[in-house]
Every structure is written in C-alpha cells, then in structure tokens.
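The primary structure of each chain is shown beneath.
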Amino acid sequence: MFLPARDAFPVEARRPYRMNRRPEERVKVLGGEMDLVRPEEVFHFVAGRIAGGKGAIVANHNLHSLYLLQKDPQVVEFFKAAELIEVDSVPLIFWARIVGRASRRFHRCTYLDWRNDFWARATKENWKVFFVGGAPGVADAALENIRRDWPGAQVESHQGYFDVTDGSAENEAVVEKIKAYKPDILFVGMGMPRQEKWLLENHKKLDPCVGFTVGGAFDYEAGVQLAAPRWMGQVGMEWLFRLMADPERLFTRYCVEPWHLFGPAMVDARRALARQLKPGKKNAVPPEAAYRRATDLALKP
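Let us look at the structure shown here. Fair warning: this is a prediction, and the values are worked out from it, not measured in the lab.

So, how was this worked out
- Residues numbered from 1 in each chain as written.
- Predicted model: local features only at pLDDT ≥ 70, side-chain atom pairs only at ≥ 80, totals over all residues.
- Heavy atoms only, no water.
- Helix = DSSP H or I, 4+ residues; strand = E, 2+ residues; numbered from the N terminus.
- Contact = heavy atoms within 4.5 Å.
- Pairing = 2+ DSSP bridges.
- Axes fitted to C-alpha atoms, helices over the stretch in contact; angles between N-to-C directions.
- Buried < 20%, exposed > 50% of the residue type's maximum accessible area, 1.4 Å probe, protein only.
- Salt bridge = Lys/Arg side-chain N within 4 Å of Asp/Glu carboxyl O.
- 1 Å grid on protein atoms, 1.4 Å probe; cavity = no way out; pocket = protein on both sides within 12 Å on 5 of 7 lines; lining within 4 Å.
- Points joined across faces, edges and corners; volume = space filled by probe spheres on them.
- Nonpolar A, V, L, I, M, F, W, Y, C, P; charged D, E, K, R; others polar.

### Here's the deal with the environment of alanine 222
By the element assignment, alanine 222 lies in helix H9 (residues 217–222). Here the alpha-carbon distance between alanine 222 and alanine 142, two residues 80 residues apart in the chain, equals 4.0 Å. Not counting residues up to four positions away in its chain, the partners in contact with alanine 222 are Val138, Ala141, Ala142 and Asn145.

### Let's talk about the sheet that holds strand S6 (residues 154–158)
Picture the strands of a sheet paired through backbone hydrogen bonds; they go either parallel or antiparallel. Read across the sheet, six strands follow the order S4-S3-S8-S7-S5-S6 without closing on themselves; strand pairing throughout is parallel. Two strands in the sheet have a free side with no partner beyond their single neighbour: strand S4 (84–87) and S6. Across this sheet, the average inter-strand angle for adjacent strands is 20 degrees, counted without regard to direction. Sheet analysis places strand S7 (residues 185–189) next to strand S8 (residues 210–213), joined by four bridges and oriented parallel.

### What about the environment of cysteine 209?
In this structure, cysteine 209 sits in the loop between helix H8 (194–202) and S8. Judged by its relative accessible area of 2%, cysteine 209 is buried. Between the alpha carbons of cysteine 209 and proline 183 there is a distance of 6.4 Å; along the sequence they are 26 residues apart. Residues in contact with cysteine 209, not counting those within four places in the same chain, are Gly55, Ala56, Pro183, Asp184, Leu186 and His203.

### Examining the pattern of salt bridges
Scanning all chains against the criterion turns up 15 salt bridges. The salt bridge involving arginine 26 is made with glutamate 33; its shortest N-O contact spans 3.3 Å. A relative accessible area of 30% means that arginine 26 is categorised as partly exposed. What makes glutamate 33 partly exposed here is its relative accessible area of 40%. Between aspartate 166 and lysine 205 there is a salt bridge; the shortest N-O distance is 2.5 Å.

### Here we look at the layout of surface pockets
Computed from the structure, the largest pocket encloses a volume of approximately 1000 Å³. Lining of the largest pocket is provided by 45 residues; of these, Asn62, Asp88, Arg242, Arg253 and Tyr254 occupy positions nearest its centre. Counting residues per element, the ones that place at least two in the lining of the largest pocket are helix H2 (63–69), helix H4 (90–98), helix H5 (111–124), H8, H9, helix H11 (238–245) and helix H12 (247–256). It is H9 that provides the largest number of residues to the lining of the largest pocket, a total of four residues. When the residues that make up the lining of the largest pocket are grouped by side-chain class, the tally is 20 nonpolar, 16 polar and nine charged.

### What to know about the pairing of S8
Burial along S8 is two-sided: Val210 and Phe212 and Gly211 and Thr213, pointing in opposite directions, are all buried. Summarising the sheet, strand S3 (residues 56–61) and S8 pair through three bridges and their orientation is parallel. Residue pairing for S8: isoleucine 57 is matched across the bridge by glycine 211.

### A closer look at unusual backbone geometry
Note the cis peptide between methionine 192 and proline 193, where omega equals 10 degrees. Within the secondary structure, proline 193 sits in the loop between S7 and H8. A positive phi angle, close to 55 degrees, is found at leucine 30, a residue other than glycine. Position of leucine 30 among the secondary structure elements: in the loop between strand S1 (26–29) and strand S2 (32–35). Under the relative-accessibility criterion, leucine 30 is labelled buried at 7%.

What follows is the structure in structure tokens.
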C-alpha cells in the first residue's frame, strides 16, 4: 500500500516558520522561477487563499518541467500563471545551493512528502477536495484508501481519460461536475504537461479554488504504482528508483532531457561567479551566515 511520509523531513523543518512571503523565496534556477518554501508555508498560503475566497494555481518544478519550458510555450504560460511554484526535485535543490541560493532539502515539496500533513489539515478545516486524473477505477481506489485513513476527508474524483480539448462535451462535463462539487482544493494528476495545460485552460472556468498539479500521486494512493522509499527522495535518488521501475517510459526523461539544461546551468554558474566577484563582495555576508540569519529571523515571533 501507500508509503507514509512521516519521515520525509528532518526535525529542523518542523520549527516555526515565517508567515509572510520573503523576496529571496523566489529564485530563478536552470531557466525557471520557483519558490523555496516548506510544506508548512504551502499550507499557510492555501489556507489564506481559501479563507479569502480566492483561487490560485500551485505548480511544481523538476528537471522535466524545466526541459519543457524550452519546448512548449503553453507550459511557459502555465508557470507564469502560477502564484506559487514548489520544488519537486532534490537534485534541483542541490544545484540551487551550489549556485548560491539558500535552498535546503526541506524545500522539496511533493504530494508524497506532505500527504499526511495535508489530509490532517484538510480534515480539520473541512476543506473539500476534488481529484481529476488517473485511469478509470484508479481514483475510486485512491479515494477509498484516503477515506479509510482519514474518515472525515471530503473528497471526490473523476478519471482522467477523457477528451481534454477545450470546449469538447467530455471536458465541459468534467468542468460542470467540479463546479457542482465546489471544491476548495483541486488536484490534477494527468501527467506533465497534459495536467498543466488542462489546469491553465480550465481553472478560470471554476469557482475560486486552489489548483495543484500532482502527477501520478493518486496512482500511488491506489497502489497501482510503487512509491520510492522516502529516504531515496531526501538524498536525490528517487529518479533512479522510478527509472528502474519503468525504464522504457522514463529513460528519455532522466537520461536525455537533463543534457538540454546544460546551457541554463552555465548561465546560473556565470551569474553565481559574477555575484562573488562583484565589487564590495568581500565585505558581504557569507551565504551560510546569511542563511542562518534568515533562519533566526524566521524563528522570531
């Protein structure tokens, strides 16, 4: 069955965190902008949007999405529309750290890592959740497992094998079903970039809700895919587990696409070097000291 995520973050990630957004949260790495936020900060953002009756799109970046930014203008538009962009890649976090960003492993935010905390919060605050995606029957099995673990969860779903063409009868029927349910949270799991394009085109048709792209999260919930042990995610090796489990589908994604990011990586490296050589840099606060100072500020009441 589903692997719990209770060990997904070190103890330091559970300390108090800053409630307001910080300018240094939003960074540009490998050609894409993303937010260095912890799961707690994501939930705080979501709760604020729901309380204010406002919608939002929460996206996530990994190496595959950064590759797609170079190839698909609609993916570019999706990330421009996203109010919050999580980091779903430990190798990406490591690279951001190398080029001088204050990234840490607890900045990795994926459904599998914050699943338990999310459903605890959703149940407590009576958030209504709708999931669209997965093969026929998969979402039903996922919901059965969620309701077993969290009896108070309010969650409904629709399978993702339908004509997603904007204006098609099938697509409009799905949109109407979501609108009738009036969710606070919308999870879209139809694979990248199909899910991003669908959410970009349809989020504006819905009543205010917070939309997340979650990939194959509910396949894991349903038990039709085996999730990697959480420790592999923490050390940046989850991609290897997934590659071994499905090499035919994922070989290009994990072994070919990253080479297309060499150019953006060189841009990052040049910018990092320029910051180091900038006049007056010798008197600047070292990166580690700056991060510790930011952490101390975050811990203040």
